[in-house]
Amino acid sequence: MDRHKLRSHVFDKTGIKVDVDDPIFALVALNEAVLAETVERQLALLDAATQALAAQARAAGGLPAAVPQPAPQAPLSAAWFSPREWRLLGAAAIVSVACALLVLGGAALLYTL
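Residue numbers here run from 1 along each chain, matching the order of that chain's written sequence. Where totals are concerned, whole chains, interfaces and linings use all residues; where local detail is concerned, this predicted model gives features only for residues with pLDDT of at least 70, and gives and counts side-chain atom pairs only at 80 or more. Side-chain numbers come from the whole structure's heavy atoms, not from hydrogens or water.

K.L.:
Can you lay out the confidence of the model for the protein chain for me, pointing to particular residues and giving the numbers?
P.N.:
Per-residue pLDDT for the protein chain has a mean of 82; in total, 84% of the residues score no lower than 70. Confidence scores labelled pLDDT are given residue by residue by the predictor and lie between 0 and 100. Helix numbers and strand numbers start at the N terminus; a helix is a DSSP run of H or I with at least 4 residues, a strand a run of E with at least 2. Confidence, expressed as mean pLDDT per element, reaches its minimum in the protein chain at helix α3 (residues 83-112) with 85 and its maximum at helix α2 (residues 24-59) with 89.

Below, the structure is given as structure tokens:
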């Protein structure tokens, strides 16, 4: 956290001068800690959900079994993912963005109340 940069940002936006030793920076540090913990929990939940989704896809026959395979020596022009895998990656990306928005929205609601 760069206090001088934050101080300048607050002054630019509001015209209020904030000293680098102002107690408001304790709240900023607390906010960073809470956000980091929340993001960590959400990433763990997302990872668990992704693994469960992959297990369900494997059970349905949509994905091959998770067996470690040696790295292929294919040319760079070969496709990395099949169309089905791209769809699964897209769905996972949408879920992760939705989770992030949910976390940020919840945090915003908590801080405004």
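K.L.:
Any chance you could break down the environment of Val 95 for me, citing the residues and the numbers?
P.N.:
Note that Val 95 resides in helix α3. Three labels apply to residues, based on accessible area from a 1.4 Å probe with only protein chains included: buried if under 20% of the type maximum, exposed if over 50%, partly exposed otherwise in between. Residue Val 95 is classed as partly exposed on the basis of its relative accessible area, which comes to 41%. For the pair formed by Val 95 and Thr 50, sequence separation is 45 residues and the distance between their alpha carbons is 9.4 Å.

K.L.:
Give me the packing of α2 against α3: which residues, what numbers.
P.N.:
Note on method: axes are straight lines fitted to C-alpha atoms, helices fitted across the in-contact stretch only, with angles between N-to-C directions ranging 0 to 180 degrees. The interhelical angle for the contact between α2 and α3, taken along N-to-C directions, is 150°, at an axis separation of 11 Å. Classed by the angle they form, the pair α2 and α3 counts as roughly antiparallel. In this structure, the crossing between α2 and α3 has a hand that is right-handed. Along its contact with α2, which presents Asn 31, Val 34, Leu 35, Thr 38, Gln 42 and Leu 46, the element α3 presents Val 95, Ser 96, Cys 99, Val 103, Leu 104 and Tyr 111. Split into classes, the residues belonging to the contact of α2 with α3 amount to eight nonpolar, four polar and no charged. Roughly parallel refers to an angle under 35 degrees, roughly antiparallel to one over 145, roughly perpendicular to one between 65 and 115, and oblique to any angle outside these ranges. Left-handed is the label given to a crossing in which the near helix is rotated counterclockwise from the far helix by less than a right angle, and right-handed is the label when the rotation is clockwise. We call two residues in contact when some of their heavy atoms are within 4.5 Å. The nonpolar class holds Ala, Val, Leu, Ile, Met, Phe, Trp, Tyr, Cys and Pro. Asp, Glu, Lys and Arg form the charged class, and all remaining residues, Gly among them, are polar.

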